[in-house]
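# Descriptive analysis of the structure
Single-letter residue listing:
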Amino acid sequence: QVQMVESGGGLVQAGGSLRLSCAASGSGFRINAMGWYRQAPGKQRELVASITSAGSTNYADSVKGRFTISRDNAKNTVYLQMNSLKPEDTAEYYCHADVRVIGDYYDNPYWGKGTLVTVSS
């Protein structure tokens, strides 16, 4: 019913920037919290940044001051602006959303398929 599609990943040199986008498509739903997670090879998936429907944000310590999460509620889209990228930022980045299907009284988690970010030294 809900599709999450990420875009914007790629190869960038250390110190460079990328902007990730994730759009939720479909009908009959509302989105509450949204966020970005990442998973590097051999490591556990971790929360990078999250944003509530009211705009409150939270960041992993490793990205504070470098990454900015934002959202456009009218477009059901969340963004992650990544500046001053480091090789340790290399990972598959996944979009996440807590989705409320209209008529339900609970949220369901939805995930995108991921977009790869590679930062070279």
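Rules used in this analysis
- Residues numbered from 1 in each chain as written.
- Predicted model: local features only at pLDDT ≥ 70, side-chain atom pairs only at ≥ 80, totals over all residues.
- Heavy atoms only, no water.
- Helix = DSSP H or I, 4+ residues; strand = E, 2+ residues; numbered from the N terminus.
- Rg over C-alpha atoms; globule rule 2.2 N^0.38 Å.
- Buried < 20%, exposed > 50% of the residue type's maximum accessible area, 1.4 Å probe, protein only.
- Contact = heavy atoms within 4.5 Å.
- Polar contact = N/O pair within 3.5 Å; in protein donor to acceptor, adjacent residues only side chain to side chain.
- Disulfide = S-S within 2.5 Å.
- Pairing = 2+ DSSP bridges.
- Axes fitted to C-alpha atoms, helices over the stretch in contact; angles between N-to-C directions.
- Phe/Tyr/Trp six-rings, centres within 6.5 Å; stacked < 30°, edge-to-face > 60°.
- Lys NZ or Arg CZ within 6 Å of the ring centre and 35° of its normal.

In terms of regular secondary structure, the chain is built from 0 helices and 11 strands. Reading the chain from its N end, one meets helices and strands in the order β-β-β-β-β-β-β-β-β-β-β. For the chain, whose C-alpha radius of gyration is 14 Å, the value lies close to the compact-globule estimate of 14 Å for 121 residues. Within the chain, buried positions represent 39% of all 121 residues. Long-range pairs, those at least 24 residues apart, make up 56% of the contacts in the chain with a sequence separation of at least 6.

Turning next to the side chain of Arg 66. Relative to the helices and strands, Arg 66 is located in the loop between strand S6 (57-59) and strand S7 (67-72). On the accessibility criterion, Arg 66 (11% relative accessible area) is buried. A distance of 2.8 Å separates the side chain of Arg 66 from the backbone oxygen of Ser 62, its partner in a polar contact. There is a polar contact of 3.0 Å between the side chain of Arg 66 and the backbone oxygen of Ser 84. The contacts of Arg 66, once residues within four sequence positions are left out, are Gln 81, Met 82, Asn 83, Ser 84, Leu 85, Lys 86 and Asp 89.

Turning to the state of the cysteines, a few remarks are in order. All chains considered together, the criterion is met by 1 disulfide. Each disulfide pairs two cysteine sulfurs, and for Cys 22 the partner residue is Cys 95, the sulfurs being separated by 2.2 Å. On the S-S bond that ties Cys 22 to Cys 95, the torsion sits near -85°, and the link is left-handed. In this pair, Cys 22 sits in strand S3 (residues 18-26) while Cys 95 sits in strand S9 (residues 91-101), placing the two residues 73 residues apart along the sequence. The exposure class assigned to Cys 22 is buried, which follows from its relative accessible area of 0%.

Our focus in this paragraph is the sheet that holds strand S8 (residues 77-82). Strand order in the open sheet formed by 4 strands is S1-S3-S8-S7, with antiparallel pairing between adjacent strands. Strand pairing shows two members of the sheet lacking a second neighbour, strand S1 (2-7) and S7, which therefore form its edges. The sheet shows a mean angle of 15° between the axes of neighbouring strands, direction not considered. Alignment of S7 against S8, held across 6 bridges, turns out to be antiparallel.

Let's shift gears to the packing of aromatic side chains. If you walk through the whole model with that rule in mind, you get 1 aromatic pair. One cation-aromatic arrangement involves Arg 19 over Tyr 79; the distance from NZ or CZ to the ring centre is 4.1 Å. Above the ring of Tyr 94, the side-chain terminus of Arg 45 is found at 3.8 Å from the ring centroid.

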